[in-house]
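Inside the fold
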Amino acid sequence: RAEHNEGLLSSLEELSLHQEELEEISPVLGRVARRIKILYLQNNIISRMANLHHLKCLEYLNLALNNISRIEGLQSCEALRKLDLTVNFIDFDQLEASVDHLQALPQLRELYLMGNTVSAWPDLKLYVVGRLPRLSHFDG
């Protein structure tokens, strides 16, 4: 049921599914709620960024406090402006591929990676901002 939306999932713009012990992002989400602009999925046990390809209107995705090890699956999210992956499992060995993936997102302005294993690298900010010059906020 969609609160404050007359029960219509097809026109839903904001969805909060945090702390639901979700293991994956359901493919149903993109089929029934394509107009989502804000998606809160923090504090679950999601290990893969998948099934987001129908969410072309998505502007803010919060996947903080999950089990994500690689940034992927966002290539169709052309409106994405803010991505929060605080406290996940993104490590140095996946950083280059993850940042390469983000380069295809023209609207991305905010990225949060603090609390990931890669955060221990002292040159992380220089590397990410150098590869993603459109960012206005990186880790706050």
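Look a little higher up for the structure.
Residues numbered from 1 in each chain as written. Predicted model: local features only at pLDDT ≥ 70, side-chain atom pairs only at ≥ 80, totals over all residues. Heavy atoms only, no water.

Digging into the pattern of salt bridges
- Considering all chains together, one arrives at two salt bridges under this definition.
- Ionic pairing is found between Glu72 and Arg48, a salt bridge with its closest N-O pair at 3.4 Å. Here Glu72 is found in the loop between β3 (60–62) and β4 (82–84), whereas its partner Arg48 is found in the loop between β2 (38–40) and β3, with 24 residues between them in sequence.
- A residue is classified by how much of its surface remains accessible, and Glu72, at 19% relative accessible area, is buried.
- With a closest N to O distance of 1.9 Å, Asp100 and Arg131 form a salt bridge. Of this pair, Asp100 sits in helix α2 (residues 92–102) while Arg131 sits in helix α3 (residues 124–131), placing them 31 residues apart in sequence.
- Note on Asp100: relative accessible area 35%, which makes it partly exposed. (Salt bridge = Lys/Arg side-chain N within 4 Å of Asp/Glu carboxyl O. Helix = DSSP H or I, 4+ residues; strand = E, 2+ residues; numbered from the N terminus. Buried < 20%, exposed > 50% of the residue type's maximum accessible area, 1.4 Å probe, protein only.)

Some remarks on unusual backbone geometry
- With a phi close to 60°, Asn43 is a non-glycine residue in the positive phi region.
- Relative to the assigned elements, Asn43 resides in the loop between β2 and β3.
- Look at Asn51: it is not a glycine, yet its phi comes out positive at around 60°.
- Here Asn51 lies in the loop between β2 and β3.

Notes on the sheet that holds strand β6 (residues 137–138)
- Taken in spatial order, the six strands of this open sheet run β1-β2-β3-β4-β5-β6, and their pairing is parallel. Every other strand in the sheet has two partners, leaving β1 (14–16) and β6 as the edge strands with one partner each.
- As defined by bridge partners, β1 adjoins β2 across three bridges and the pair is classed as parallel. For Ser16, the partnering residue across the bridge sits in β2 and is Tyr40. (Pairing = 2+ DSSP bridges.)

Details of the nonpolar core
- Residues Leu39, Met49, Leu61, Leu74 and Leu83 are the most contacted members of the largest nonpolar core, which totals 36 residues.
- If you list the elements that add at least two residues to this core, you get α2 and α3.
- It is α2 that contributes the most residues to this core, three residues altogether.
- In this structure, Leu74 is in contact with Met49, Leu52, Leu61, Leu80, Leu83, His101, Leu102 and Leu105, ignoring residues within four places of it in sequence. (Core = buried A, V, L, I, M, F, W, Y, C linked by side-chain atoms within 4.5 Å. Contact = heavy atoms within 4.5 Å.)

Overview of the packing of aromatic side chains
- A complete count under the given rule lists three aromatic pairs for this structure.
- With centroids separated by 5.6 Å and ring planes inclined at 90°, the aromatic side chains of Tyr40 and Tyr60 adopt a geometry described as edge-to-face. With Tyr40 in strand β2 and Tyr60 in strand β3, this pair connects stretches of sequence that are 20 residues apart.
- Overall, the relative accessible area of 22% leaves Tyr40 in the partly exposed class.
- Taken together, Phe92, Trp121 and Tyr127 form an aromatic cluster joined through their ring pairs.
- Lying over the aromatic face of Tyr60, Lys82 brings its terminal NZ or CZ to 4.5 Å of the ring centre. (Phe/Tyr/Trp six-rings, centres within 6.5 Å; stacked < 30°, edge-to-face > 60°. Lys NZ or Arg CZ within 6 Å of the ring centre and 35° of its normal.)

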